[in-house]
Amino acid sequence: MGTAFRDIKISRRGFIKASAALGAATALGSYAGSKNFNPAEIFGTAQATPATTVEKIKSICSFCAVGCGYVGVVEDGVFTKMEPWEDHPINQGGMCCKGTSLVDVTNSPRRLRYPMEKSGGKWNRISWEDALDKVGGKLKGYRDNGEPDSVFMCGLVHGSNEEAFMFRKFAMLYGTNNIDHQARLCHSTTVAGLLASFGHGAMTNSVEMLTQSKIFFFMGSNAAEAHPVLMQKVFEARDKGARLIVADPRFTRTAAFSDMFMRFRPGTDIALLLGIINVLVEHDWIDHDTVDYRTYGFEQLKEVVKEYTPEVVEDITWVPAFDIREAARLMSDNAPGAVIWSMGATQHSVGTYIIRAFAILATILGWQGREWGGGCIPIRVHDNVQGATDMCVLSHFLPGYYGVSSASSWEYWAKVFSETTSTSGNISASTLASRYTTFTNKEGVETNLQLTPGLTVSNWYKGALMQPVSEIDQPTNVKMAMFWGESISSITEMKEQKKALEKLEMLVVVDPFPTAAAALPERSDGIILLPAATRQEGGGSVTNTGRAWQWREPLVAPLYESRTDMAIIKELAGRLDMGNHFDYDSYEAVTAEINLGSRAIGNQGETPERMKRQKEYAHLFDPKTGKAQGGPVDGEWWGLPWPCWTESHPGTPVLYSDLLPVSEGGHDFRGNRTYPTDEPNAGRPMLREDEPQYGTQHVPQYSENGVAYSMDLTGAIVAKALADGNPPTGRGKMRIRVFEQTDKIPIHREPIESPRPDLVDKYPTYPDQPHLYRIVNCEFETEQQRSIAEKRHEKFPIVLTSGRQVAHHGGGAQTRSSELLSEITPEVYVEINPHLAAGKDIREGDMVWVESARGKIKVRAKITERVNDQTAFVPFHWNGVFEGESYQDRWPENTAEVVVGDSVNIITSPGVDQVTQMQETKVALCNIYKA
Amino acid sequence: MGVNKFLIDHTRCIRCTGCETACKTNNGVPTGVRRIRVVTVNEGKVGERNIAMPCFHCYDAPCVKVCPTRTLYKRGDGVVNHTKEKCIGCGYCLVACPFGAPQFPGGGIFGTRGKMDKCSFCVQPFNQKDEQGNMIENEPIPMCARFCSTKALLGGDSTEISKQFRERIAGFISFSF
């Protein structure tokens, strides 16, 4: 092979061009040539022709939520190269391996080319019309039979805000709350925890503002692998003297850069945090400006943390008492600081309480509420998971965080759907309500399913497998599931999921790649695959982890026969007689409807025109703060982070910071809560105390005639608040004590599968919960006691935790289909400490079984000191092998991923979070032995 | 003006391998050839560091000295480049190189090694000739450094990148006082 590289490059482009042409041809109805696609043939025959048109289009990366910009080079309508977008204030051109592989991912020959159906044990190509008729017909059938809750829809985490909104609207109008997306598994506990503490459930700083931080406390985040570009901001702060503390069960790549590393036992996060708070309280290293005037429940917190002395915490967490004191000292010496977490902290049975402990730590240190650069930094995982969360593709919220359990939310959205000028449809609240069913639950209580949170991503399989009424709060089982850009290998209990997938009447997968959902179930028919366009082919806005909205233009037209999510939702809605609510003529029209309706979090200012203007003037934004200086965008913050109250508001870069006037991006804790009944001033609104130096500042959340600002479509109440110089959400208090949750102050509770039965006696998990997200009896204590009764801590003495690899993303369907990324990380492995390996005679590279009470997986051993001798680590991006047996042959022809591996979620814990049903992937008990 | 160089700040490299894929995406490098590779030392221990290893474009390049066919040559701007047509794939440059930079696509056993390939500092287009057949010295634009996620890898004019690096260090020193 003596080919010069220049030739290879050209033939590569030729190959891409050829495959795009193929797509165009098949879209016109010609089936020729595409069935037995042979890349080598095209490689050999491609001619070197110089491109006639070269376009350079600014776009946003479609992997993690940092929101990096890049410039896509499009030659003759084919996405061929990438250039750095060097004046983008978030990444300044930098991208990780996933981002720089976008060309390879977009043009992957392994993509799904046309709709397919599995029938008679074979994958058959079908036409779009046929496929949509089948899916639409089935949906219509369930609705007309009065059982819309037989459907479970999930996904659109990789769509735009517009498509996520349309998907939620689709389920609302269809008549079910059984809709959910990946945020359930990523940061649902973050949303619940921060919302309960502060008033909004999102990251409190913008990404750019991290450069202003003086100390970083990473706990449960391996940003160097999961969010590489975020480390650029961390290093910029470090260049000005910022410190790094990393607390993690593993010595991660992030920990390698830390000033201090604390290795703690998985699942003991709260104990460690309370230990640190104990030291802070003991020395009175507390920011009294914030705590005395702007928080509720500090006295009760003092009582609770008394018990968690560093010595007690050392026994629970493995962290030496000296280190806990030292960490507290470092934190109090360096302010403001940022508490950074990701899935390591959220995916626990006590996830919501861990997040609340973070919020408490950041507030009492004074990092939250005033300073820039500090606060609570949950780093989201998918490019638009923050946006899809805001658009509430969630079973317990309507778009914009309006709770499903309140009838007024439904009335409000019915009004928005009718009043919007983007669509022609009209609907009344009563018509909308009539599409939902009621049923009598196990206890004989009549339940309106419209006002009941639906099934979630983490428990959907229970909806398919458990008995209706007696075990699940539904009149019927789930009989049809739609996985729309959702990977089942990131969900726990894969064995149960496999059973559920096999039991369904119809399984629909909408994705650029077939994903494991299509291949895992051993069924011969009833699977429909719809090829969705990638994010490089669809437009709309995306919200990054720092609440910044960025506009994404499509680089190229959808390849092959694939269609954008927007087009698919429109077609399905048309088949369900809801087309008049989806007759948008552009992405911008959908954005207008979001601007109209999503008022609770202030999405009024994020108009397409402003986002496009920011893109054009990106060079005016300071990468160290995110603020523009001069030009038509003068004073605006990058991405107009919500709340962006009006079309002239600059966005709010730091939530709850009262340093700035509200018109320039200031904010405050939300003032919509009242004191609980066990307080002397019960029932009175919980507002900020008077501060002599700031004047009187207690302001309740704005409302008029009983209508809150969030339900006022005219915007008059918001205008009044801004004229007063106050946030429409009022000026309230941060709640250290949250009275509507089981633990009013977070306390340590052992994970569902604990290696320490003695501690379970002292720190047991929650009692079982009735009627939680449609599960009649959600087991907590029972499951924990079962683990002890079965003596799992003896049979499976090693604590298993899972996490990420830099080259792969989510369930890995995109990245493991890319040769570039597969080359970097070609295999799944289990990290084992040298001492543990020596005791079990396991050597580097051996194949081993990792077994838990759920099953076992066969992976390669990687001997490393990253983990200690009581812990093992397996990355979770993998599928294609099930308990040691490959099922690559079940993928449609030519679409199987380049590299496959066993899924750790076959063996992870069955535990879920007590508030949000977040799965507990980070703590399970396992054993390892040679295969 | 200085010559073109890479500067690797090992206190910033997090091994995101963005440089490797940026190189491959923009130069169409096939699987198995790594013009730049990030290596980790002390993996999983205190002192773990990552270092990106491209071709360092030596001033007195050993590969240029030993190349029997004059495939490798040194440009005025410091880039060590190569002419694909002249290469016989002997691998002598790999023996001479102190860093293991030269790559040989094709693989296989005896005698099937391909022609040498290495980092060209992203001279684009590569090996372009004018009408008389003389090599055009196109400007080098190192994509790996431009895409580096944490700005650990700096690449380009040595005067400019050393200034950038000094500013980084000076920021730290001035803040410490």
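Residues numbered from 1 in each chain as written. Chains lettered and ligands numbered in written order. Predicted model: local features only at pLDDT ≥ 70, side-chain atom pairs only at ≥ 80, totals over all residues.

Student: Would you explain the overall build of chain B in this entry?
Tutor: Scanning chain B for helices and strands turns up five helices and six strands. Starting at the N terminus and walking to the C terminus, you meet the elements of chain B as β-α-β-β-α-β-β-α-α-β-α. The C-alpha atoms of chain B give 17 Å as radius of gyration, which agrees with the globular expectation for 177 residues (16 Å, within 12%). Taken along its principal axes, the extent of the C-alpha atoms in chain B is 60 × 40 × 30 Å. Of the contacts made within chain B by residues no fewer than 6 positions apart, 55% connect residues no fewer than 24 positions apart. (Helix = DSSP H or I, 4+ residues; strand = E, 2+ residues; numbered from the N terminus. Rg over C-alpha atoms; globule rule 2.2 N^0.38 Å. Contact = placed C-beta atoms within 7 Å.)

Student: Looking at this model, I keep getting lost on the overall build of chain A. Mind explaining?
Tutor: Along the backbone of chain A there are 31 helices and 36 strands. Relative to the 2.2 N^0.38 estimate, which gives 30 Å for 931 residues, the radius of gyration of chain A is 26 Å and therefore close to what a compact globule would have. Summarising its shape, the C-alpha atoms of chain A cover approximately 75 × 70 × 65 Å along the three principal directions. For chain A, long-range pairs separated by at least 24 residues make up 73% of all intrachain contacts whose partners lie at least 6 apart in sequence.

Student: Looking at this structure, I do not really get the interface of chain B and chain A. What am I missing?
Tutor: Quite often, the size of an interface is put as the accessible area lost when its parts meet. Across the boundary between the two partners, chain B contributes 40 residues, which contact 42 residues of chain A. Elements with a minimum of two residues in the side of chain B that touches chain A: helix H1 (18-27), helix H4 (143-147) and helix H5 (158-176) of chain B. Here the element with the most residues in the side of chain B that touches chain A is H1 of chain B; it accounts for eight residues. Taken together, the residues that form the side of chain B that touches chain A break down as 11 nonpolar, 16 polar and 13 charged. (Nonpolar A, V, L, I, M, F, W, Y, C, P; charged D, E, K, R; others polar.)

Student: Explain the sheet that holds strand E20 (residues 527-531) of chain A here, please?
Tutor: Hydrogen bonding along the main chain pairs the strands of a sheet, whether they run parallel or antiparallel. Residues and elements named next belong to chain A. Strand order across the open sheet formed by seven strands is E5-E4-E20-E19-E18-E6-E7, with mixed pairing between neighbours. Since the sheet does not close on itself, it has two edges, and those belong to strand E5 (122-125) and strand E7 (179-180), each with one partner. The sheet contact formed by strand E6 (residues 151-155) and strand E18 (residues 480-484) spans five bridges and is parallel. Paired with Val151 across the two strands is Met480, which belongs to E18. (Pairing = 2+ DSSP bridges.)

Student: Please explain the sheet that holds strand E1 (residues 54-60) of chain A as it appears in this structure.
Tutor: Residue and element names in this part refer to chain A. Strand order in this open sheet of three strands is E1-E2-E3, and the pairing throughout is antiparallel. What marks the edges here is a single partner per strand, and that holds for E1 and strand E3 (78-84). Averaged over all adjacent pairs, the angle separating strand axes in this sheet is 30 degrees, with direction ignored. (Axes fitted to C-alpha atoms, helices over the stretch in contact; angles between N-to-C directions.)

Student: Is there a simple way to explain the confidence of the model for chain A in this structure?
Tutor: A low pLDDT score tells you not to read the predicted coordinates there in detail. When pLDDT is averaged along chain A, the result is 90, and 94% of the positions lie at 70 or above. Every residue in residues 1-48 of chain A is under pLDDT 50, and counting partners more than four places away or in other chains gives 60 contacts. (pLDDT = per-residue confidence, 0-100.)

Student: What should I look at first to understand the domain arrangement of chain A in this one?
Tutor: Residue and element names in this part refer to chain A. When its domains are assigned, chain A resolves into domain 1 (5-106), domain 2 (116-186 + 385-599), domain 3 (204-378) and domain 4 (757-930). Inter-centroid distance (C-alpha atoms) of domain 2 to domain 4 is 28 Å. Taken together, the contacts link 36 residues of domain 2 with 33 residues of domain 4. Only helix H6 (183-186), helix H20 (460-465), helix H21 (494-503) and helix H22 (515-519) provide two or more residues apiece to the side of domain 2 that touches domain 4. Residue contributions to the side of domain 2 that touches domain 4 peak at three residues, all from H22. (Domains from an automatic or database assignment.)

Student: Can you walk me through the pairing of strand E36 (residues 924-930) of chain A in this structure?
Tutor: Two faces, one strand: in a regular strand the side chains alternate between the faces of the sheet. Pairing analysis gives three bridges linking strand E28 (residues 798-803) of chain A to E36 of chain A, with the strands arranged antiparallel. Counterpart to Leu800 of chain A in the pairing with E36 of chain A is Ala924 of chain A.

Student: Would you mind showing me how to read the packing of helix H7 (residues 188-197) of chain A against helix H16 (residues 351-364) of chain A here?
Tutor: Helices that pack against each other are described as a pair by the angle of their axes relative to one another and the distance between those axes. Residue and element names in this part refer to chain A. Where H7 meets H16, the axes come as close as 8 Å, and the angle between the chain directions of the two elements is 45 degrees. One way to sum up the angle between H7 and H16 is to call them oblique. In this structure, H7 crosses over H16, and the sense of that crossing is right-handed. The segment H7 lies against H16, with Thr189, Thr190, Ala192, Gly193, Leu194, Ala196 and Ser197 engaging Gly351, Thr352, Ile355, Arg356 and Ala359. (Parallel < 35°, antiparallel > 145°, perpendicular 65-115°, else oblique. Left-handed = near helix turned anticlockwise from the far one by under 90°.)

Student: Can you help me understand the nonpolar core in this one?
Tutor: A general tendency of soluble globular proteins is for nonpolar side chains to be buried together. All names here are of chain A. With 318 residues, the main nonpolar core has Val339, Phe358, Leu361, Val830, Val850 and Ala872 as its most contacted residues. Considering each element in turn, this core owes the most residues, 10 residues, to H16. Ignoring any residue separated from it by four or fewer positions in sequence, one finds Leu361 in contact with Leu273, Ile276, Ile277 and Val339. (Core = buried A, V, L, I, M, F, W, Y, C linked by C-beta atoms within 7 Å. Buried ≥ 20, exposed ≤ 12 C-beta atoms within 10 Å, placed from the backbone.)

Student: Teacher, can you tell me more about the packing of helix H10 (residues 269-282) of chain A against H16 of chain A here?
Tutor: Residues and elements named next belong to chain A. Where H10 contacts H16, the axes come no closer than 9 Å and their chain directions differ by 20 degrees. One way to sum up the angle between H10 and H16 is to call them roughly parallel. Along this stretch, H10 crosses H16, giving a crossing that reads as left-handed. On the side of H10, the interface is formed by Asp269, Ile270, Leu273, Leu274, Ile276, Ile277 and Leu280, while H16 contributes Tyr353, Ile354, Ala357, Phe358, Ile360, Leu361 and Ile364. Looking at the contact of H10 with H16 residue by residue, the class counts come to 13 nonpolar, no polar and one charged.

Student: Looking at this model, I keep getting lost on helix H14 (residues 321-333) of chain A. Mind explaining?
Tutor: Along an α-helix, a turn takes 3.6 residues, which lines up residues three or four apart on a common side. Residues and elements named next belong to chain A. Taking 1.5 Å per residue as the helical rise, H14 with its 13 residues ought to reach 18 Å, and the 19 Å between its terminal C-alpha atoms agrees with that figure. Residues Asp323, Ile324, Ala327, Ala328, Met331 and Ser332 constitute the buried set of H14. Elements that come into contact with the buried residues of H14 comprise strand E8 (215-219), strand E9 (243-247), strand E10 (260-262), H10, helix H13 (310-317) and strand E12 (337-341). (Expected span 1.5 Å × (residues − 1).)

Student: I keep staring at unusual backbone geometry and nothing clicks. Help me out?
Tutor: One can expect most non-glycine residues to show negative phi and most peptide bonds to be in trans. Residue and element names in this part refer to chain A. Look at the link from Ala335 to Pro336: it is a cis peptide, with omega at 0 degrees. Relative to the elements of secondary structure, Pro336 occurs in the loop between H14 and E12. In this model, Trp642 is joined to Pro643 through a cis peptide bond whose omega is 0 degrees. Structurally, the position occupied by Pro643 is in the loop between helix H25 (608-616) and strand E23 (703-704). Residues other than glycine seldom take positive phi values, yet Asp76 does so here, at roughly 50 degrees. Checked against the element boundaries, Asp76 lands in the loop between strand E2 (69-75) and E3. We classify Asp76 as partly exposed; it has 16 C-beta atoms within 10 Å.

Student: Help me understand the environment of Leu596 of chain A in this model?
Tutor: Residue and element names in this part refer to chain A. Secondary-structure assignment places Leu596 in helix H24 (residues 587-597). When the C-alpha atoms of Leu596 and Gly715 are compared, they prove to be 9.4 Å apart, with 119 residues separating the residues in sequence. Once residues within four sequence positions are removed from consideration, Leu596 is found in contact with Val416, Thr420 and Leu713.

Student: Please clarify how the confidence of the model for chain B should be interpreted in this entry.
Tutor: Residues and elements named next belong to chain B. For chain B, the average pLDDT comes to 87, and 93% of its residues sit at 70 or higher. When pLDDT is averaged over each element of chain B, helix H2 (residues 62-66) comes out on top at 95 and H5 at the bottom at 84. Prediction confidence for the complex, expressed as pTM and ipTM, is 0.92 and 0.93 respectively.

Student: What am I meant to see in the pairing of E28 of chain A here?
Tutor: Residue and element names in this part refer to chain A. Within E28, six of the six residues are buried, leaving the element largely enclosed by the surrounding structure. Relative to strand E32 (residues 871-875), E28 is paired through five bridges, and the arrangement is parallel. Considered in E32, the bridge of Leu800 is made with Ala872.

Student: I tried to follow the environment of Glu236 of chain A on my own but got confused; where do I start?
Tutor: All names here are of chain A. Among the secondary structure elements, Glu236 is positioned in helix H9 (residues 230-238). Classification of Glu236 as buried rests on a count of 23 C-beta atoms within 10 Å. Along the backbone, Glu236 and Lys624 are 388 residues apart, and their C-alpha atoms lie at a distance of 8.7 Å.

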